[in-house]
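Working through the structure, step by step
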Amino acid sequence: MRFEISRGGSGMTYEIRNIVLIAKKMQEYGLKIIWENIGDPVQKGENIPGWMKDVLIDIIRDDSSYAYSPTKGMDATRQFIAERTNARGKVQITPEDVIFFNGLGDAIARAYSSIQVDARMIMPEPTYSTHLMAEVLHASFPPNTYRMNPYNNWHPDLRELEQKVRSHRAIVGILIINPDNPTGFVYPVEALEQVVRIARENDLFVIADETYINIVYNGKKTVPVGDVIGDVPGISMKGISKELPWPGARCGWMEVYNADKDPIFSRFINTILHQKMSEVCSTTLPQMAIPRIMTHPEYKNYLRERTEHYEKLSAIAYGVLKDVPFV
Ligand SMILES: Cc1ncc(COP(=O)(O)O)c(C=O)c1O
């Protein structure tokens, strides 16, 4: 090659998936591997209930479920999502503020690659690797992070966050993950309010990855960032990979808050949208299924039972790990 063609230099790799290649090699040598399948509830043994499969069977009889969808996503589903958010009586959005992607992995990649190369996001440390890798790839520079403090129940170090955004003028936005992956921290509303205050006072936007927002247990409580965002520009990322669970559907969405209040933020959202247009659209079938599944009479109970199940598993894991040194 005439010169280096691959982008990056970040030296970052996706270890959670990389380890699979190593495990497969070890399996070839005859070693017994226990496949944990981190992050995939279905591979991990969750069963999809009959009523949900019936909803999908019904939808695949409709030819339109095989078609492209509009770039931003199916109108009826975006309307459904906007109504659900608006019904909380806090931030108000229209269907135009809802944009579908091929899973949140796609939404994350589009978001960071739409940011100018020298504008940076600040993110929690440790963090969900897809965010970290996408941000570092866009900048080809090490990440800006604030600490999730293990000595304070993994609460984000908001003082560090505030100091860094004040002193580092390249930072344009704050990422939070609520509930957090990998620490499991569930943001109390006061912590969310602090993050929004810091964003407001420093003229930043907020991205809140809310993949797990409806899977909260052990007596913890939180709210979506839309409840406290006020007039600060923000994006909530939500999806169905864990909640239904249907990770193979590759379906997640952004809810955009207050794009009309800041022309710079609005241009950023348009850049994301232009990228999406060049890809045509996102998966149609799961988008058609979302309103029907989420309003199904069985859905609430089903979600509650699964959440209770995760609570039990968390107690078992805690019981096993709590006395292990250095864990
Ligand atoms: C915090 C967080 N965000 C996003 C994702 C990606 O989800 P998707 O399957 O929608 O790409 C995951 C998956 O594990 C996650 O844990």
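Residues numbered from 1 in each chain as written. Predicted model: local features only at pLDDT ≥ 70, side-chain atom pairs only at ≥ 80, totals over all residues. Heavy atoms only, no water.

1. Comments concerning the overall build of the protein chain
So the rule is basically this: Secondary structure elements follow DSSP: runs of H or I no shorter than four residues count as helices, runs of E no shorter than two count as strands, and numbering proceeds from the N terminus. For every residue, the accessible area (1.4 Å probe, protein chains only) is compared with the maximum for its type, and the residue is labelled buried under 20%, exposed over 50%, or partly exposed between those bounds. By definition in these notes, contact holds between two residues if any of their heavy atoms fall within 4.5 Å. Values of accessible area rely on a 1.4 Å probe in the Shrake-Rupley scheme; residue burial ignores everything except the protein chains shown. Charged-residue counts in this description rest on Lys and Arg as positive and Asp and Glu as negative, His and the chain ends being excluded. For the purpose of locating charges, the reference atoms are NZ of Lys, CZ of Arg, CG of Asp and CD of Glu.
Tallying secondary structure elements over the protein chain gives 10 helices and eight strands in all. Principal-axis analysis of the C-alpha atoms gives the protein chain an extent of 55 × 55 × 50 Å. The buried share of the protein chain, taken over its 327 residues, is 47%. Long-range pairs, those at least 24 residues apart, make up 71% of the contacts in the protein chain with a sequence separation of at least 6. For the protein chain, the exposed area adds up to about 17,900 Å²; of that, 55% sits on carbon and sulfur atoms. Positive and negative side-chain charges of the protein chain, numbering 37 and 40 respectively, have mean locations separated by a distance of 2 Å.

2. Some points on the side chain of Ser 114
Quick note on the threshold: Pairs of N or O atoms are called polar contacts if they sit within 3.5 Å, as long as, within protein, a hydrogen donor faces a hydrogen acceptor (for residues adjacent in sequence, only side-chain-to-side-chain pairs).
By secondary structure assignment, the location of Ser 114 is in the loop between helix H4 (103-113) and strand E2 (120-125). Among the polar contacts listed, one links the side chain of Ser 114 to the backbone oxygen of Arg 110, at a separation of 2.7 Å. Reaching out from Ser 114, the side chain makes a polar contact with the side chain of Gln 275 at a distance of 3.0 Å. Excluding residues that lie within four positions of it along the chain, Ser 114 makes contacts with Phe 268, Thr 271, Ile 272 and Gln 275.

3. Focus: helix H8 (residues 263-278)
Heads up, the condition is: Take the number of residues in a helix, subtract one, and multiply by 1.5 Å to get its expected span. Directions pointing from the helix axis toward each C-beta atom define the arc.
The terminal C-alpha atoms of H8, which comprises 16 residues, lie 23 Å apart, in line with the 22 Å expected from a rise of 1.5 Å per residue. Turning to H8, its buried residues number three or more, namely Phe 265, Phe 268, Ile 269, Ile 272, Leu 273, Gln 275 and Lys 276. Relative to the axis of H8, the buried residues are bounded by an arc of 155° and lie together on one face. Opposite the buried face of H8, at more than 90 degrees from it, the exposed residues are Pro 263, Ile 264, Arg 267, His 274 and Ser 278. Tucked inside the fold, the buried residues of H8 contact strand E1 (98-101), H4, strand E6 (205-209), strand E7 (234-239) and strand E8 (252-257). Its side-chain oxygen placed 2.8 Å from the backbone nitrogen of Ile 264, Asp 262 serves as the N-cap of H8.

4. Brief notes about the sheet that holds strand E4 (residues 155-156)
Test applied: We call two strands paired when DSSP finds no fewer than two bridges between them. For every element, the axis is a line fit to its C-alpha atoms; helices are fit only across the contacting stretch, and the angle between N-to-C directions ranges from 0 to 180 degrees.
Overall, mixed pairing links the eight strands, which are arranged E1-E8-E7-E6-E5-E2-E3-E4 in an open sheet. In the strand order of this sheet, the two ends are held by E1 and E4, each with one partner. Seen against the sheet, H8 touches E1, E6, E7 and E8 and runs at an angle of roughly 35° to E1.

5. What about the site of the ligand?
The condition that has to hold: Throughout, near means a residue has at least one heavy atom within 4 Å of the molecule or strand. Following the grouping adopted for this structure description, the nonpolar residues are Ala, Val, Leu, Ile, Met, Phe, Trp, Tyr, Cys and Pro, the charged ones are Asp, Glu, Lys and Arg, and the polar ones are all others, Gly among them.
Around the ligand, a shell composed of Gly 103, Leu 104, Gly 105, Tyr 128, Ile 177, Asn 181, Asp 209, Thr 211, Tyr 212, Ser 241, Lys 242 and Arg 250 is seen. Contacts to the ligand include Gly 105, whose backbone N or O atom sits 2.8 Å from an oxygen atom. Lys 242 is positioned with one of its side-chain polar atoms (N or O) 2.7 Å from an oxygen atom of the ligand. Sort the elements by how many residues they give to the shell around the ligand and H4 lands first, with three residues. Residues of the shell around the ligand, tallied by class, amount to four nonpolar, five polar and three charged.

6. Observations concerning the domain arrangement of the protein chain
Selection criterion: Domain limits in this description derive from either an automatic procedure or a database domain assignment. Salt bridge, as applied in this entry: a Lys or Arg side-chain nitrogen positioned within 4 Å of an Asp or Glu carboxyl oxygen.
When the domains of the protein chain are assigned, the result is domain 1 (70-294) and domain 2 (296-327). On a C-alpha basis, the centroid separation for the pair domain 1 and domain 2 is 24 Å. Contacts between the two partners involve 13 residues from domain 1 and, on the opposite side, nine residues from domain 2. Joining domain 1 to domain 2, the criterion identifies zero salt bridges. Where domain 1 packs against domain 2, one counts eight residue pairs in polar contact (both at pLDDT 80 or more). Of the residues assigned to the side of domain 1 that touches domain 2, the class counts are seven nonpolar, three polar and three charged.

7. Considering the packing of aromatic side chains
Spelled out, the test is: Aromatic rings from Phe, Tyr and Trp, with only the six-membered ring used for Trp, were paired whenever their centres fell within 6.5 Å, and each pair was classed as stacked if the ring planes differed by under 30 degrees, edge-to-face if by over 60, and tilted otherwise.
Inspection of every chain in the model, using the stated rule, returns eight aromatic pairs. Consider the rings of Phe 265 and Phe 268, whose centres lie 6.2 Å apart with planes at 50°: the pair is tilted. Within this pair, Phe 265 and its partner Phe 268 are both found in helix H8, separated by three residues, close to a single helical turn. A residue is classified by how much of its surface remains accessible, and Phe 265, at 5% relative accessible area, is buried. Given the relative accessible area of 9%, Phe 268 is considered buried. Each member of the aromatic cluster is reached from another via a ring pair, and the members are Trp 51, Tyr 299 and Tyr 302.

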